[in-house]
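# Summary of structural features
The chain contents come next:
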Amino acid sequence: MTRAITADQWKSVRRAYRVTGARFAEMVSRVPDPGAMVTTEWTAADTVAHVAMIAKMYTALVRPDGAPPLDARGQDQIEKTTVDTVSVLNTMVLRDFPERDISVLVTGLLADIEEVLRVTEDADPATPLGWLGDSKVPLAGVLAHLVNELQIHGWDIARALRLPWTIPPADAALFFDLFMVGVLTQDTGHLLDTDEPPRERRIAVAFRSAYTTPVVLVLHRGLVTVEEPGGPVDARISFDPPSLNLMMFHRVGRVRTALTRKIVVSGPRPWLLPAFLRVVRLP
């Protein structure tokens, strides 16, 4: 099934691309110690460099004449990356991108954000672009992905250094609506490959929130497809978009999220959900 990207969605993700970038830049510019650890592996400066490099890569991706910012070794890693090996790519990119001056990084990040918006002003938001693991993502989904990166890593920095940071639900919802559903309707390549043998059992999970278009994701014989609501499902997930994103990226636990009712699971066969999530997963 293909899903049209509406004019309102395109307008919303473009606004979020600029606004979230500006919010992130303003927040990280107030970091008192760029060398402070904000995750188990990255300092605040490392985290900003990571996000800035993604923005730079997306600038090259949307420009017809854009030269890849990575060398041949990096491009090869992009093509063979799966969800489970994204950390290998991240480590390689950060090692080859030594800039850690936050003011320099922020200047480059904001310039790349504006360049993407300029180049894509009249573009079709459904244009498929090559992404990790030989997958294809619609242009609007690529923008939604950077919005989510800014939100999640902004959360990391703010939480570690006790700085204010919010994740607006409508902006967080763009990641699910435009990126996740987008890559599943385009081409996942080998992004979701696992060592687990495909299950014969069909598992259908309905996703619904106040900010997203209702959708059913189906896992069958190792393939994930998108269906319209209305048919039989095994589980239903009602979710708060920021909470779902933070949980899927392992920032908050599933039990805690369920206890706060930010994500509610129901349906006739919810015990099938773990098998579904072993395939439909994020780094």
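Below or above, wherever it landed, is the structure these notes cover. Not measured: the values here are computed from a predicted model.

Thresholds applied
Residues numbered from 1 in each chain as written. Predicted model: local features only at pLDDT ≥ 70, side-chain atom pairs only at ≥ 80, totals over all residues. Heavy atoms only, no water. Salt bridge = Lys/Arg side-chain N within 4 Å of Asp/Glu carboxyl O. Helix = DSSP H or I, 4+ residues; strand = E, 2+ residues; numbered from the N terminus. Buried < 20%, exposed > 50% of the residue type's maximum accessible area, 1.4 Å probe, protein only. Contact = heavy atoms within 4.5 Å. Polar contact = N/O pair within 3.5 Å; in protein donor to acceptor, adjacent residues only side chain to side chain. Phe/Tyr/Trp six-rings, centres within 6.5 Å; stacked < 30°, edge-to-face > 60°. Core = buried A, V, L, I, M, F, W, Y, C linked by side-chain atoms within 4.5 Å. Pairing = 2+ DSSP bridges. Axes fitted to C-alpha atoms, helices over the stretch in contact; angles between N-to-C directions. Arc of directions from axis to C-beta.

Counting across every chain of the model gives 15 salt bridges. One salt bridge in this structure joins Glu-114 and Arg-18, with 2.9 Å as the shortest N-O distance. Here Arg-18 lies in helix H1 (residues 7-28) and Glu-114 lies in helix H5 (residues 102-119), a separation of 96 residues in the sequence. The class of Glu-114 is partly exposed, set by a relative accessible area of 35%. Salt bridges linked by common partners bring Arg-63, Glu-115 and Arg-118 together as one network.

For the rest of this paragraph, the subject is the environment of Ser-209. Positionally, Ser-209 belongs in the loop between strand E3 (203-208) and strand E4 (215-220). The class of Ser-209 is buried, set by a relative accessible area of 12%. Taking C-alpha positions, Ser-209 is 6.4 Å from Asp-240, a pair spaced 31 residues apart along the chain. Look past the residues within four positions of Ser-209 in its chain and what remains in contact with it is Phe-239 and Pro-241. At 3.0 Å, the side chain of Ser-209 and the backbone nitrogen of Tyr-211 are in polar contact. In this structure the side chain of Ser-209 is engaged in a polar contact, spanning 2.8 Å, whose partner is the side chain of Thr-212.

What follows deals with the packing of aromatic side chains. Following the criterion strictly, the structure yields eight aromatic pairs and no others. Look at Phe-207 and Phe-239: their rings are 6.3 Å apart centre to centre, the planes differ by 75 degrees, and that puts the pair in the edge-to-face class. Placement of Phe-207 in strand E3 and of Phe-239 in strand E6 (residues 235-239) is noted, with a sequence separation of 32 residues between them. Phe-207 sits in the buried class, given a relative accessible area of 6%. On the basis of relative accessible area, Phe-239 is assigned to the buried category, the value being 7%. Considering the side-chain rings of Phe-207 and Phe-276, the 6.4 Å spacing of their centres and the 40 degrees angle between planes classify their relative orientation as tilted. In this pair, Phe-207 sits in strand E3 while Phe-276 sits in helix H10 (residues 273-277), placing the two residues 69 residues apart along the sequence.

Core analysis: the largest hydrophobic core is formed by 98 residues, its most contacted members being Tyr-17, Phe-24, Val-28, Leu-146, Ile-157, Phe-207 and Phe-276. The element best represented in this core is helix H6 (residues 139-161), accounting for 13 residues. If sequence neighbours within four positions are ignored, Phe-207 has contacts with Phe-176, Pro-214, Val-215, Leu-217, Ile-237, Phe-239 and Phe-276.

What follows deals with the sheet that holds E4. Remark on secondary structure: sheet strands pair via backbone hydrogen bonds, oriented parallel or antiparallel. Read from one edge to the other, the open sheet built from five strands follows the order E5-E4-E3-E6-E7, with strand pairing classed as mixed. Single-partner strands in this sheet number two, and they are strand E5 (223-227) and strand E7 (263-266). The average angle at which neighbouring strand axes cross in this sheet is 20 degrees, direction not considered. Examined bridge by bridge, E3 and E6 share four bridges and lie parallel to one another.

Right, let's talk about unusual backbone geometry for a bit. Even without a glycine there, the phi angle at His-250 is positive, about 65 degrees. Note that His-250 resides in the loop between helix H8 (241-248) and helix H9 (254-259).

Those residues of helix H3 (residues 72-80) that fall on the buried side of the exposure criterion are Gly-74, Gln-77 and Ile-78. Buried residues along H3 cover an arc of 105 degrees about the axis, so they all sit on one side. Against helix H2 (44-62) and helix H4 (86-96) lie the buried residues of H3.

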